[in-house]
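What follows is each chain in one-letter form.
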Amino acid sequence: MYAVWTFCRGLYFLRSSNAFLLIAMDYNIVENIYLLAIITVLSVLQNVFLSLKVEKGCTSQTTHPAAIERLTCAYRNCMDSYPTFMGVMWCAGICLNQAPAAFSGLLYLVVRHKYLIGYMGQTSQSMPGFLFGKRILFFLVLMCLVGILNYLLMRFFGSDYKETVETFTSAASTLLLIP
Amino acid sequence: MYAVWTFCRGLYFLRSSNAFLLIAMDYNIVENIYLLAIITVLSVLQNVFLSLKVEKGCTSQTTHPAAIERLTCAYRNCMDSYPTFMGVMWCAGICLNQAPAAFSGLLYLVVRHKYLIGYMGQTSQSMPGFLFGKRILFFLVLMCLVGILNYLLMRFFGSDYKETVETFTSAASTLLLIP
Amino acid sequence: MYAVWTFCRGLYFLRSSNAFLLIAMDYNIVENIYLLAIITVLSVLQNVFLSLKVEKGCTSQTTHPAAIERLTCAYRNCMDSYPTFMGVMWCAGICLNQAPAAFSGLLYLVVRHKYLIGYMGQTSQSMPGFLFGKRILFFLVLMCLVGILNYLLMRFFGSDYKETVETFTSAASTLLLIP
């Protein structure tokens, strides 16, 4: 009789641990992406800021027509590269680790701000398809590829280097700070 | 002997409940995003519709050159703000609750349709970087921030206000209907 | 006493299977999207390639001004349709099945490459809002709708046609190869 009671208690414990699992699963998703979500919100706020800046620059009477054209072109380059950046940042964050991906995203936002605001006079960047932040994008693509490769290795060979790779990536992401 | 049999039955029950968990997990992801996916499909269909509309407007002989330029500019503003909107809608939907996020997305699509189709004559919107639907974007950014804040509170202080916040957000999203 | 020991061993087995579940869950997410992530990385690399190509084409002295304008316009159409494509590919991949979605994505990348590189001389596509790869986008939208419909059917009527639909979709995706 005691065994049955113990068993029932164990059963109850396991069912509640399953229920906990269902709750944990819901937060598990947010836990894995909350840094990426913060960077996304920041980038959206920056988009709105840049959009208002360009709108103001184009309507003011004192701006030179050539400057307006250059500003428009720079703004277009920013907006053209935005989905590329978002796609690769989210992929890198989900496939490997969110911390270095979010850190690279933050650096990219700084580079983008410097590109558009520190742009007003130069002509060197006023061409279609100009790409800035090449090094950061390259790092994010590399993270993505390493993450997918690690998953395929784990699946087909059973070897899991995820923790090693994550530590290495976190250390490598600080190298992006070198100008 | 009876205890062992009960135990085996319990074991079987728990293993099958685990199997159910694995299936539920797969549907759990779709369950949390299906409204967002519907809005995404709608926005894609709207993109295709707007694209064909602009293509037709630019090739017809009767359209005034200035009207073509205005139409192109408005179309560009629509497309520039599209990834911003998608990013913030998905973040808000995943971090907090999909129902108000999808509702705001629907409103945004209506605003966008009105912006481009009801545009053909005005000059007020023919400047680069023009932003429409500011209020909806602001609401979605707010949802995002509240969702992340709630997760951080839950993680570091153990207090979970998610249900309260979700109810409040659902009620607040109807306020967007006020013109 | 034996029953208790068996029970304890069972308890231990189940707890370890739960721990396994938590690990499996983490990989479960990557498992469901790794093909989509590969296509995303490929599309990002293609974006960078196209961007450099357009930049080079616009700065070379030998290019005709009209050709520059056409190239810029084609590049703009590519970039305008990029977030639309990404959104619908990820939705189709998550809601239904990643294999046909990734295959369609690969075909879309080929079509896009042919559109921009095989473009240099034609004038037929030099208008704003030109849409290429309509058939692939249509197929992806259809996959999305079928996936959402299947989820709703499963939820409200309890009938699950996911496997049938997945087999059918995989077969149908090869039809996209017909020129």
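Values in this document were obtained by computation on a predicted structure and should not be read as measured data. (Residues numbered from 1 in each chain as written. Chains lettered and ligands numbered in written order. Predicted model: local features only at pLDDT ≥ 70, side-chain atom pairs only at ≥ 80, totals over all residues. Heavy atoms only, no water.)

Student: Residue-level account of the overall build of chain A, with values.
Tutor: A tally of helices and strands in chain A yields five helices and zero strands. Beginning at the N terminus, the succession of helices and strands in chain A can be written as α-α-α-α-α. Looking at chain A as a whole, 53% of its 179 residues qualify as buried. The contacts in chain A between residues at least 6 apart in sequence include a share of 83% that link residues at least 24 apart. Carbon and sulfur atoms form 70% of the exposed surface of chain A, whose accessible area is close to 8700 Å². (Helix = DSSP H or I, 4+ residues; strand = E, 2+ residues; numbered from the N terminus. Buried < 20%, exposed > 50% of the residue type's maximum accessible area, 1.4 Å probe, protein only. Contact = heavy atoms within 4.5 Å. Areas by Shrake-Rupley, 256 points an atom, 1.4 Å probe, with all protein chains shown as cover.)

Student: Can you break down the packing of aromatic side chains residue by residue, with the values?
Tutor: All chains considered together, the criterion is met by 12 aromatic pairs over all chains. The interplanar angle of 20° and the centroid separation of 5.6 Å between the aromatic rings of Tyr108 of chain A and Phe132 of chain A together place this pair among those described as stacked. Taken as a pair, Tyr108 of chain A in helix 3 (residues 98-117) and Phe132 of chain A in the loop between helix 3 and helix 4 (134-157) lie far apart in primary sequence, 24 residues in all. You can call Phe132 of chain A buried: its relative accessible area is 6%. Seen in terms of ring centroids, Tyr151 of chain A and Tyr34 of chain C are 4.9 Å apart; in terms of plane orientation they differ by 50°. Their pairing is tilted. Placement of the pair is Tyr151 of chain A in helix 4 and Tyr34 of chain C in helix 1 (residues 2-59), with the two residues belonging to separate chains. (Phe/Tyr/Trp six-rings, centres within 6.5 Å; stacked < 30°, edge-to-face > 60°.)

Student: Run through the pattern of salt bridges, naming residues and quoting values.
Tutor: Per the counting criterion, the structure on display carries three salt bridges over all chains. Across the pair Asp80 of chain B and Arg76 of chain A runs a salt bridge whose closest N-O atoms are separated by 3.8 Å. Of the two residues, Asp80 of chain B sits in helix 2 (residues 65-95) while Arg76 of chain A sits in helix 2 (residues 65-95), which places them in two different chains. Here Asp80 of chain B matches Arg76 of chain A in class, with each residue buried. (Salt bridge = Lys/Arg side-chain N within 4 Å of Asp/Glu carboxyl O.)

Student: An account of the environment of Gly93 of chain B is requested, with residue identities and associated values reported.
Tutor: Residues and elements named next belong to chain B. As for its placement among the helices and strands, Gly93 is situated in helix 2. Taking relative accessible area as the criterion, Gly93 reaches 6% and is therefore assigned buried. Taking the C-alpha atoms as reference points, Gly93 and Ala66, separated by 27 residues in sequence, lie 40 Å from one another. Beyond its immediate stretch of four places on either side in the chain, Gly93 contacts Leu36, Gln98 and Ala101.

Student: Tell me about the environment of Ser43 of chain A, and please be specific about residues and values.
Tutor: Residue and element names in this part refer to chain A. Mapped onto the secondary structure, Ser43 falls in helix 1 (residues 2-59). Ser43 gets classed as buried once you look at its relative accessible area, which sits at 0%. Sequence spacing of Ser43 and Val54 is 11 residues, and the spatial spacing of their C-alpha atoms is 16 Å.

Student: An account of the UniProt feature "transmembrane region" (unreviewed entry) in chain A is needed here, citing residue identities and associated values.
Tutor: Residues and elements named next belong to chain A. The UniProt record marks residues 29-50, 85-111 and 131-153 with the feature "transmembrane region" (unreviewed entry), using the residue numbering of this structure. As annotated, residues 29-50 has a helix share of 100% and a strand share of 0%, and its two end C-alpha atoms lie 31 Å apart. For the annotated span residues 85-111, helix accounts for 93% and strand for 0% of the residues, and the straight-line distance between the end C-alpha atoms is 12 Å. (UniProt positions renumbered as here; feature names shortened; annotations may be inferred.)

Student: I'd love a proper account of the nonpolar core, names of residues and values included.
Tutor: Within the largest apolar cluster, 136 residues are counted, with the highest numbers of intra-cluster contacts made by Phe85 and Leu140 of chain A, Phe85 and Leu140 of chain B together with Phe85 and Leu140 of chain C. Sequence-distant contacts of Leu140 of chain A, defined by excluding residues within four places in its chain, comprise Phe85, Val88, Met89, Ala92, Ala101 and Ser104 of chain A. (Core = buried A, V, L, I, M, F, W, Y, C linked by side-chain atoms within 4.5 Å.)

Student: Explain the packing of helix 2 of chain B against helix 3 (residues 98-117) of chain B to me, and be specific about the residues and the numbers.
Tutor: All names here are of chain B. Contact geometry of helix 2 with helix 3 gives a least axis separation of 10 Å together with a crossing angle of 180°. Overall, the two elements helix 2 and helix 3 adopt an arrangement that is roughly antiparallel. From helix 2, Leu71, Ala74, Tyr75, Asn77, Cys78, Ser81, Tyr82, Phe85, Met89, Ala92 and Gly93 reach across to helix 3, where they touch Gln98, Ala101, Gly105, Tyr108, Leu109, Arg112, Tyr115 and Leu116. The class makeup of the residues in the contact of helix 2 with helix 3 is 13 nonpolar, five polar and one charged. (Axes fitted to C-alpha atoms, helices over the stretch in contact; angles between N-to-C directions. Parallel < 35°, antiparallel > 145°, perpendicular 65-115°, else oblique. Nonpolar A, V, L, I, M, F, W, Y, C, P; charged D, E, K, R; others polar.)

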